[in-house]
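Here is how the chains run, residue by residue.
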Amino acid sequence: APASPPARHLFSDPAQVEALRGNLLAWYDRCKRDLPWRALAVTEPDADRRGYAVWVSEIMLQQTQVATVIDYYNRWMQKWPTLQALAQASLEEVNELWAGLGYYSRGKRLQEAARKVVSELAGRMPRTAEDLQKLLPGVGRYTAGAIASISYGQATGVVDGNVIRVLCRLRCIGADSSSPAVIDQLWDMANVLVDRSRPGDFNQALMELGATVCVPKAPLCRECPVKQHCQAWCRKLFGKPSPVPDVEDCCVGDCPLCPPATEPWDSSLGVTNFPRKAAKKPPRVMRTATCVLERRGCHGASEYLIVQRPSSGLLAGLWEFPSLPLAQDLQEEKEREELAHHLQAWMGQPVAAKGLQFIGEVVHIFSHIHQTYVVYSLHLDGDVTLDPALSPSRWVTEDEFHASAVSTAMKKV
């Protein structure tokens, strides 16, 4: 038997593939959501501007819900409607517009790639998935396939979280969906299925199906346009798996795609038996002391000190109130002392730990970090000269703070 089942076993019937394509595209034409980047992908006559519009949307949509992205996308395209406009922007401007969208390195890489297109590629977007992935920083296999199929009509598949869910249910793939063996098979399946005449629409239809019908919990199976092709749905209806495939087509007994024997089909879950993922690592727990330093500005309004984070790492380049990571299980008195010492370095004058007023705690969940901000405040009566050798810093009013490139966590603070 071969080392792994060939993709043709999973969709080996040309008539079935053609029927699935037709049903899915007909559903998409009727039911697709009206999204701004879809309109641009259809109406924009310039190929580079079309590719740029899809590119921006795909980067923003990584790990972020559509409802959140729409407003950011519209403001971005209004401010930088072309690659050339984005290439001329500053990173500070990019961070300001991106603030609150999360995963801030995405915006930074997007601008870096735009500058490369302008300076090294004569302003012309690569036209194939292979070149997009090879030439543009921050563009991975999925993003490259989405841009190439939607903007330039390349018949290449895409695999994102929604597509993984749909394909795993269509073919009862119960192995860990993040494993290399499964991911390789899913890409093979996506490339087999993609409609050659409407690749961009087909890929969007597959993703749309996963986002609106074949959802993680409580999927709307009865509304699904491809349910008759779905092995998970058939198994739910009839209570048994499809017949075992021919031994030449699948490594029966040791298939890298089938559910492990230790995790059998749970009839109460139905189609949501699939996909299966490896258990997530628990998030890292962190505590950070943060101080809101306040002074009276020259016009009488309160001003607050914000400092810029390093140019790499978590929340790179964003602005925050002076903050200091804390050891776990530190007593409050010791927290105050460490924060006071940290502030003293900024202000060049002693800071009394007892003068720090405890405000409360703010919890913010990053993708891999459970962060607790221990918030203090300190009102300054006189003027303070900040050390220019330290990180960039500035005093801002409340309105200026909200207009700055600050994270959602700092807005909570």
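Residues numbered from 1 in each chain as written. Predicted model: local features only at pLDDT ≥ 70, side-chain atom pairs only at ≥ 80, totals over all residues. Heavy atoms only, no water.

Q: Give a description of the overall build of the chain that names residues and reports values.
A: The secondary structure content of the chain amounts to 17 helices and seven strands. Reported as C-alpha extents along the three principal axes, the dimensions of the chain are approximately 80 × 50 × 35 Å. A total of 413 residues make up the chain; the buried ones form 48% of that total. Nonlocal contacts in the chain, meaning residues at least 24 apart in sequence, comprise 67% of its contacts between residues at least 6 apart. Entry remark: accessible area of the chain is about 20,300 Å², with carbon and sulfur atoms responsible for 52%. With 45 positive and 46 negative side-chain charges, the chain shows a separation of 5 Å between the mean positions of the two kinds. (Helix = DSSP H or I, 4+ residues; strand = E, 2+ residues; numbered from the N terminus. Buried < 20%, exposed > 50% of the residue type's maximum accessible area, 1.4 Å probe, protein only. Contact = heavy atoms within 4.5 Å. Areas by Shrake-Rupley, 256 points an atom, 1.4 Å probe, with all protein chains shown as cover. Lys, Arg positive; Asp, Glu negative; His and termini not counted. Charge placed at Lys NZ, Arg CZ, Asp CG, Glu CD.)

Q: Any details on the domain arrangement of the chain? Residues and values, ideally.
A: Domain annotation of the chain identifies domain 1 (7-273) and domain 2 (284-403). On the side of domain 2, ten residues touch domain 1, which itself brings six residues to the contact. Summed over both partners, the interface of domain 1 with domain 2 buries about 560 Å², with 46% contributed by carbon and sulfur atoms. By the criterion of area lost to domain 2, the three top residues of domain 1 are E92, N95 and Y104, representing 62% of everything that side buries. Here domain 1 and domain 2 share one salt bridge between them. Among the ionic pairs, R394 bridges to E92, the shortest N-O distance being 3.8 Å. Summed over the shared surface of domain 1 and domain 2, the number is one residue pair in polar contact (both at pLDDT 80 or more). (Domains from an automatic or database assignment. Buried area = accessible area lost by both parts, 1.4 Å probe. Salt bridge = Lys/Arg side-chain N within 4 Å of Asp/Glu carboxyl O. Polar contact = N/O pair within 3.5 Å; in protein donor to acceptor, adjacent residues only side chain to side chain.)

Q: Account for the packing of helix α10 (residues 141-152) against helix α13 (residues 199-212), with residues named and values stated.
A: At their nearest, the axes of α10 and α13 sit 7 Å apart, and the two run at 130° to each other. Our classification of the angle between α10 and α13 gives oblique. Considering the relative orientation of α10 and α13, their crossing is left-handed. Each of Y142, S149 and I150 in α10 lies in contact with α13, whose residues at this interface are P199, G200, N203, Q204 and M207. Split by residue class, the contact of α10 with α13 holds four nonpolar, four polar and no charged. (Axes fitted to C-alpha atoms, helices over the stretch in contact; angles between N-to-C directions. Parallel < 35°, antiparallel > 145°, perpendicular 65-115°, else oblique. Left-handed = near helix turned anticlockwise from the far one by under 90°. Nonpolar A, V, L, I, M, F, W, Y, C, P; charged D, E, K, R; others polar.)

Q: I'd like a rundown of helix α5 (residues 66-79), residues and numbers included.
A: Taking 1.5 Å per residue, 14 residues should reach 20 Å; α5 reaches 20 Å between its end C-alpha atoms and fits that length. Of the positions making up α5, those classed as buried are V69, Y72, Y73, W76 and M77. As for α5, its buried residues are in contact with α3 (36-43), α4 (47-61), α6 (83-88), α7 (91-98) and α8 (105-120). (Expected span 1.5 Å × (residues − 1).)

Q: If you had to explain the environment of H364 to someone new, which residues and values would you point to?
A: Topologically, H364 is positioned in strand β5 (residues 357-365). The spatial distance from the C-alpha of H364 to the C-alpha of V396 is 23 Å, given a sequence separation of 32 residues. Setting aside residues no more than four positions away along its own chain, H364 makes contact with I369, H370, Q371, Y373, T408, A409 and K412. A distance of 2.9 Å separates a polar atom in the side chain of H364 from a polar atom in the side chain of K412.

Q: Give a detailed account of the pattern of salt bridges, specifying residues and quantitative values.
A: When charged atoms on two side chains of opposite charge get close, those side chains can pair. Across all of its chains, the model carries 16 salt bridges by this definition. K134 is the partner of D131 in a salt bridge, and the nearest nitrogen-oxygen pair spans 3.8 Å. Here D131 pairs with K134, and both are found in helix α9 (residues 129-135), just three residues apart, close to one helical turn. When its relative accessible area of 29% is taken as the criterion, D131 is described as partly exposed. Residue classification places K134 among the exposed positions, given a relative accessible area of 62%. E320 is paired through a salt bridge with R309; the nearest N and O atoms lie 3.1 Å apart. Of the two residues, E320 sits in strand β3 (residues 319-320) while R309 sits in the loop between β2 (302-308) and β3, which places them eleven residues apart along the sequence. Its relative accessible area of 23% is what places R309 among the partly exposed residues. Each of the salt bridges in this network shares a partner with another, and the network as a whole consists of D29, R198 and D201.

Q: Residue-level account of helix α15 (residues 332-347), with values.
A: The terminal C-alpha atoms of α15 lie 22 Å apart, and with 16 residues this matches the ideal 22 Å at 1.5 Å per residue to within 8%. E335, R336, L339, A340, L343, W346 and M347 are the residues of α15 that are buried. Projected down its long axis, α15 carries its buried residues within an arc of 130°, all on one side. Against the buried residues of α15 lie β1 (284-296), β2, β4 (323-326), β5, β6 (369-380) and β7 (393-396). Within two residues after α15, G348 carries a phi angle of roughly 70°, on the positive side. (Arc of directions from axis to C-beta.)

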